[in-house]
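Close look at the chain arrangement
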Amino acid sequence: MKTYILYFCIICKWQSSCNALKENFKIRETQHQFAARTPYCRQITLRLSPMAPHGSSRKWIVLATALAVAGLATGEGTVEGQKRRPNVVILVADDLGIGDLGCYGNTTIKTPNIDRLSEEGVRLTHHLAAASMCTPSRAALLTGRYPARYGLVGEEGTAPVVVHVASRVGLPPEEVTFAKALSAANYTTAAVGKWHLGMRCKLGGFGCRGPQEHGFQSFYGLPFTLAAELEGPHDFWLFPQGERFYKILARLCLVGVLTILVWGWLVKCSQETQNTLFAVLALGLGVAWFVHTHYRFHTEKWWQVSPWMDQHLNGILMENTKVVEQPVTLPGLSQRLVDYSLDFISDHAHDENPFLLYHSFAHVHTPMFTAKHMEGKSEHGRYGDNVEEMDAGVGAILEALRLHEIDDNTLVYFLSDHGGHLEAVDKGQRTGGHNGLFKGGKGMGGAEGGIRVPGIFRWKGHLPAGKTIDTPTSLLDTLPTLLELVDLPPVNSLLPDLPERDLDGVSLAGLLKEGVDLKPRSLIHHCRQAIHALRLVVEKRVYKMYLAKHKWSPGSTQCGWGSNNLCSCYGDGVEDITFEPEVYDLTNDPYEDNPISNETTEYTHVVGALRQFLAEWKARVPYPPSQFSNKADTVLSPWLQPFRIPFL
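A brief report on the enclosed structure follows. (Residues numbered from 1 in each chain as written. Predicted model: local features only at pLDDT ≥ 70, side-chain atom pairs only at ≥ 80, totals over all residues. Heavy atoms only, no water.)

**Quick notes on the nonpolar core**
We count it as follows: For the purposes of this section, nonpolar cores are sets of buried Ala, Val, Leu, Ile, Met, Phe, Trp, Tyr and Cys residues that join through side-chain atoms within 4.5 Å. Exposed residues in this analysis have more than 50% of their type's maximum accessible area, buried residues have under 20%, and partly exposed residues fall in between, with area computed by a 1.4 Å probe over protein chains only. Helix numbering and strand numbering both begin at the N terminus, where a helix is a DSSP run of H or I of at least 4 residues and a strand a DSSP run of E of at least 2. Residues count as neighbours in contact if any of their non-hydrogen atoms are within 4.5 Å of one another.
Judged by nonpolar contacts, the single largest core of 89 residues is most densely connected at Ile90, Leu141, Phe178, Phe216, Leu356, Tyr358 and Leu512. Here the element with the most residues in this core is helix H16 (residues 601-620); it accounts for 6 residues. Each residue touching Leu141, except ones within four places of it in the same chain, is listed here: Val92, Phe178, Tyr358, Tyr413, Leu415, Leu475 and Thr478. In this structure, Val89, Ile98, Ile109 and Leu357 belong to the second largest nonpolar core, which totals 48 residues.

Here it is as structure tokens:
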């Protein structure tokens, strides 16, 4: 039998009679190659006997053509008659602890909308961030690859994350995100909220495309992140007279003025010449004052800037490449971001193509702020108010999907980028999250509390409702999972023109749909670029091996107090146990209370397997230097800074 595959295409009218019925039926294309590019196509497969006369074949083709036209006339061949791919909505919380949600055991903070999402979907209890800091964790979420592969992690003596809008570091353009993959499959894509993966602005602050370089067709949100310094006001003109530098600066100013005056009197130079010398002196001293006052080159944290600079240059709100608020107004920010997402859903709910909405909440990162109508509602103070305001935003987005009657064809994924910030405190209140009984938190790349995060998938009618999965999963799994769930090929097949790349995540589609077990796997837990721990998942057992552990404050699992306090990944704040690792059986000891004895066979087997995996990994995947080790690329560059221009 000979098979003819024909496509009957209608785009407002016949497309040149479908190119003369595909050149008299001699050209064959697969549905993936042709129909995926032309969404208005119906496929008809004809099986004709090679012994049939030529005229008989034509009779069958004429009949098939008539049937196709009849199908189109009844609407079955139109887009409305076809089941389009599902929409995808990804909701990312910032710094949210796994213990902050009702569906994960919290009984005092009210999160009814996220809890309902869990009741209607699949709740993951062993969901893991690939890093315990914002930038690398989000990079792994978008790309399915450890950010250490492309240097988007800190090293000893560098910044831990992207620290400025006007810098040259960030997610490399050649990395493939799930937005780039879905955009290639005709998804309409938008990023709303926090980005924090680098904007790569051009001279003059123009062309700050950020998310739009990575598959998102539109962006509205924070190119950087929230920070305690965004709460003001902060002074620009500072001259603390008691500090040594400013004393020297004042003396230089006095000596310089007197020198110019005396020299001018002695040589009888013109007033114009003296004025020029005064201008040069003022410029030199002014630059020295500005650099010392508003940059931190003279400190260990050379990448930082003053609170005024953070608030006015990093604390901005952008719509695509345009700055719309500078500095950003914090109260009501959550509502403005949600409103933009609601407009996006309304605009694209019934488009011919599906949409991807990546909504990254500003909450619950410090500083704590809420709209007036949400203040004082929670038993947990301002932090609880922030969680509940974020939950209200989740509810508004879910309600929009229902009102537009697309919630049964929309895949929703809720997660946090990493664990809660245990050290955060402000105005006498804790302003960081709760990580349940897991030890450690934000900034601690190997500690369970820093990387164990909530994860909920919902797709009505396709994923089971109210299901709980305890299998270890990772944010690294997002890209391959989304592609399989929406029935697209793997990324290397979807984008064949790009160089092939290895993914570190795996698809969870079978696990989510039918509970199909994942293959045995090992996961690496980085603290900046250093590897602090590894996880082995094999035969229903989960083991974790520590190579380094943080030296916590006595009686706690954190490192002091303060909104900017974080445990160190290097140096004196870390205990190196590489030569005698600690191993825990997380299946039976999830909170890591009792390490396995190093005298047991079990310990020997686990350590041996993970050491072998690590040796092979290092041989196969050499890490490049951290992008943040390049000071010129990392620091705030004023010539790259975008500004709000009111008349544009």
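So that's the structure; there's more coming.
**Remarks on helix H5 (residues 134-143)**
Taking burial as the measure, the 10 residues of H5 include 10 buried ones, the bulk of the element. Taken residue by residue, H5 has Cys134, Thr135, Pro136, Ser137, Arg138, Ala139, Ala140, Leu141, Leu142 and Thr143 as its buried positions. Residues of H5 that are buried in the fold lie against strand E4 (87-93), helix H6 (178-184), strand E6 (188-194), strand E10 (355-360), strand E11 (410-416) and helix H13 (478-485). Once H5 finishes, Gly144 follows within two positions and takes phi at roughly 75°, a positive value.

**Side note on the packing of aromatic side chains**
One pair of aromatic rings is described through two measures. These are the centre distance and the angle between the planes. As a reminder of what qualifies: Ring pairs shown here join Phe, Tyr and Trp side chains whose ring centres sit within 6.5 Å, with only the six-membered ring taken for Trp; geometry is labelled stacked below 30 degrees between planes, edge-to-face above 60, and tilted in between.
With the rule as written, the count across this model stands at 20 aromatic pairs. Ring plane angle 90° and centroid distance 4.8 Å describe the contact between Phe236 and Trp237, whose orientation is recorded as edge-to-face. Since its relative accessible area comes to 70%, Trp237 is described here as exposed. Counting every residue linked through ring pairs, the aromatic cluster contains Phe236, Trp237, Trp289, Phe290, Tyr295, Phe297 and Trp308.

**As for a nonpolar patch on the surface**
Quick note on the threshold: Nonpolar side chains (Val, Leu, Ile, Met, Phe, Trp, Tyr) are joined into patches within 5 Å and like charges within 9 Å, using only residues with over 30% relative accessible area and no salt bridge. Surface accessibility follows the Shrake-Rupley procedure with a 1.4 Å probe radius. Residue values consider only the protein chains on display as shielding. Take a side-chain nitrogen of Lys or Arg and a carboxyl oxygen of Asp or Glu: if they are within 4 Å of each other, that pair is a salt bridge.
Residues Val262, Trp263, Trp265, Leu266, Val267 and Leu277 make up a contiguous nonpolar surface patch of about 630 Å² in total accessible area. The biggest single contributor to the nonpolar patch is helix H7 (residues 244-267), with 5 residues. Tracing the sequence through the fold places Leu277 in helix H8 (residues 271-294). Leu277 gets classed as partly exposed once you look at its relative accessible area, which sits at 32%.

**With respect to the environment of Asp502**
Looking at where Asp502 falls in the secondary structure, it is placed in the loop between helix H14 (491-494) and helix H15 (509-514). Sequence separation of Asp502 and Val491 is 11 residues, and the distance between their C-alpha atoms is 9.9 Å. Not counting residues up to four positions away in its chain, the partners in contact with Asp502 are Arg145, Arg149 and Arg620.

**Things to note about the packing of H7 against H8**
The condition that has to hold: Only the contacting stretch of a helix is used when fitting its axis, a line to C-alpha atoms as for every element, and angles between N-to-C directions run 0 to 180 degrees. When an angle is under 35 degrees it counts as roughly parallel; over 145 it counts as roughly antiparallel; between 65 and 115 it counts as roughly perpendicular; any other value is oblique. Just so you know the grouping, Ala, Val, Leu, Ile, Met, Phe, Trp, Tyr, Cys and Pro go in nonpolar, Asp, Glu, Lys and Arg go in charged, and all remaining residues, Gly too, go in polar.
Remark: H7 packs on H8, axes separated minimally by 10 Å, with the N-to-C direction vectors making an angle of 175°. Considering the angle they form, H7 stands roughly antiparallel to H8. Of H8, the residues touching H7 (which contributes Phe245, Tyr246, Leu249, Leu252, Cys253, Gly256, Val257, Ile260, Leu261, Trp263, Gly264 and Trp265) are Thr273, Gln274, Leu277, Phe278, Leu281, Leu285, Ala288, Trp289, His292 and Thr293. Partitioned by chemical class, the residues of the contact of H7 with H8 number 16 nonpolar, 6 polar and no charged.

**Notes on the sheet that holds strand E18 (residues 530-538)**
Rules: Any two strands with at least two DSSP-identified bridges between them are counted as paired.
Strand order in this open sheet of 4 strands is E17-E18-E19-E22, and the pairing throughout is antiparallel. Edge positions in the sheet fall to strand E17 (521-527) and strand E22 (582-585), since each of these pairs with one other strand and no more. The average undirected angle you get between the axes of adjacent strands in this sheet is 20°. Both E17 and E18 contribute to a ladder of 7 bridges, which runs antiparallel. Across the sheet, residue Arg521 finds its bridge partner in E18, namely Val537. Across the sheet, H16 touches E17, E18, strand E19 (541-546) and E22, and the angle it forms with E18 is around 120°.

**As for the pairing of E19**
Extensive coverage of E19 is indicated by the burial of 5 of its 6 residues. Summarising the sheet, E18 and E19 pair through 6 bridges and their orientation is antiparallel. What sits directly across from Leu534, in E19, is Met545. Here E18 folds back onto E19, and the loop between the two strands holds 2 residues, one of which, Glu539, carries a positive phi near 50°.

**Side note on the pattern of salt bridges**
In the structure shown here, the tally under the stated rule is 24 salt bridges. Across the pair Asp407 and Lys460 runs a salt bridge whose closest N-O atoms are separated by 3.0 Å. Residue Asp407 is found in the loop between helix H11 (381-403) and E11, and its partner Lys460 is found in the loop between strand E14 (452-458) and strand E15 (467-469); the two are separated by 53 residues along the sequence. Judged by its relative accessible area of 12%, Asp407 falls in the buried class. Given the relative accessible area of 28%, Lys460 is considered partly exposed. Sharing partners across several salt bridges, the network here consists of Glu448, Arg452, Arg535, Lys544 and Glu592.

**Observations concerning the state of the cysteines**
Worth spelling out the cut-off: Two cysteine sulfurs form a disulfide in these notes if their separation is within 2.5 Å.
Summed over all chains, the structure comprises 3 disulfides. Between the sulfur atoms of Cys201 and its disulfide mate Cys208 the distance is 2.1 Å. With the S-S bond torsion at 125°, the cross-link from Cys201 to Cys208 turns out right-handed. Cys201 sits in the buried class, given a relative accessible area of 8%. Look at Cys208 and you get buried, because its relative accessible area is 0%. Covalently, Cys527 is tied to Cys569 through a disulfide, its sulfur atoms 2.0 Å apart. Disulfide Cys527-Cys569: the torsion about the S-S bond is -65°, which places it as left-handed. Residue Cys527 is found in strand E17, and its partner Cys569 is found in the loop between strand E20 (548-550) and strand E21 (574-576); the two are separated by 42 residues along the sequence. Of the two residues examined, Cys527 and Cys569, each falls in the buried class.

**A look at the environment of Met318**
Here Met318 lies in strand E8 (residues 317-319). Spatially, the C-alpha atom of Met318 lies 9.4 Å from that of Val328, the residues being 10 residues apart in sequence. Beyond its immediate stretch of four places on either side in the chain, Met318 contacts Met199, Cys208, Phe219, Tyr220, Gly221, Pro223, Val323 and Val324.

**Comments concerning the environment of Trp195**
To be explicit about the condition: Definition of a polar contact: a pair of N or O atoms within 3.5 Å, with one able to donate and the other able to accept a hydrogen when the atoms are protein atoms, and with sequence-neighbouring residues admitted only if both atoms are side-chain atoms.
Mapped onto the secondary structure, Trp195 falls in the loop between E6 and strand E7 (218-222). Along the chain, Trp195 and Tyr220 lie 25 residues apart, while their C-alpha atoms are 9.5 Å from each other. With residues up to four places along the chain from it excluded, the contact list for Trp195 reads Arg138, Leu142, Gly210, Pro211, His214, Phe216, Phe219, Leu222, Pro223 and Phe224. A distance of 2.9 Å separates the side chain of Trp195 from the backbone oxygen of Gly198, its partner in a polar contact.

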